[in-house]
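As a plain string of letters, each chain reads:
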Amino acid sequence: MELNNIELSPYKAKVSKVERAAETLAIESEEGLTSATDLLSKIKVVAKDVEAFKKSITDPINLGLKNARALFAPMEAGYANAEIVVKGKMVAYRVAVEKKKLAEEAKIVKQIEKGKISEEVGMAKMTALPAVDTKVEGNKGTATFKKVPKYEIIDYTKLPMEYLQANSGKIWEAVRGGVTEIPGVKIYMIEIVAGGIK
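Now for a description of the structure that goes with this document. (Residues numbered from 1 in each chain as written. Predicted model: local features only at pLDDT ≥ 70, side-chain atom pairs only at ≥ 80, totals over all residues. Heavy atoms only, no water.)

**A closer look at the overall build of the protein chain**
Scanning the protein chain from N- to C-terminus turns up 4 helices and 2 strands. Mapped from its N terminus to its C terminus, the protein chain presents α and β elements in the order α-α-α-β-β-α. With respect to the principal axes defined by its C-alpha atoms, the protein chain has extents near 105 × 55 × 25 Å. Each of the 198 residues in the protein chain was classed as buried or not, and the buried ones make up 7%. Of all intrachain contacts in the protein chain linking residues separated by at least 6 positions in sequence, the fraction that spans at least 24 positions is 51%. Accessible area for the protein chain stands at about 17600 Å²; split by element, carbon and sulfur atoms hold 59% of it. Side-chain charges of the protein chain comprise 32 positive and 27 negative groups, with the mean position of each set lying 9 Å from the other. (Helix = DSSP H or I, 4+ residues; strand = E, 2+ residues; numbered from the N terminus. Buried < 20%, exposed > 50% of the residue type's maximum accessible area, 1.4 Å probe, protein only. Contact = heavy atoms within 4.5 Å. Areas by Shrake-Rupley, 256 points an atom, 1.4 Å probe, with all protein chains shown as cover. Lys, Arg positive; Asp, Glu negative; His and termini not counted. Charge placed at Lys NZ, Arg CZ, Asp CG, Glu CD.)

This is the structure in structure tokens:
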């Protein structure tokens, strides 16, 4: 189905008709309220028709998209896992090299402290140690190592207020469940209209 050739005129006409009726509606009596109820039902029918027509177009597209995603998902998971494994091994190697260099430096410092070598000789030995590069150039790419900050919350009670966020899902669940008081939350009632179709 080509989207440019879809005939929407009947649906647009139905929507325009209920929009005009809603704009000209005046409720001044019980009869007006009854008419409004009937108009609300007409609006619901129009909405249902438009949604059904829209779904007749979007459902096949969404199914195709879902199937395409499912087709590629195993490959995407495979290459994502391969990347994680390679990066993990690269970092492990780099950490081992860095530890080895730090151990060599500590050994040289001890030799200086014990007087086995002079500071000048010690500094020369440290300078001669291979550098732990932060960038690696391969034949087909480059890799850069950098330290990035991470965090883990160990005590929520000590967090400053600006780092706390209200869990609105839990609040709605409690309010809908009948809870009438939650510290720090204002709970109140508003009136809405829910319409239905007979």
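**Describing the packing of aromatic side chains**
The final tally for this structure, using the stated rule, is 1 aromatic pair. Taking the centre distance of 4.5 Å and the plane angle of 15 degrees together, the rings of Tyr11 and Phe53 count as stacked. With Tyr11 in helix α1 (residues 9-24) and Phe53 in helix α2 (residues 30-113), the pair connects residues that are 42 residues apart, well separated along the chain. Between the NZ or CZ atom of Lys186 and the centre of the ring of Tyr188, over which it lies, the distance is 5.2 Å. (Phe/Tyr/Trp six-rings, centres within 6.5 Å; stacked < 30°, edge-to-face > 60°. Lys NZ or Arg CZ within 6 Å of the ring centre and 35° of its normal.)

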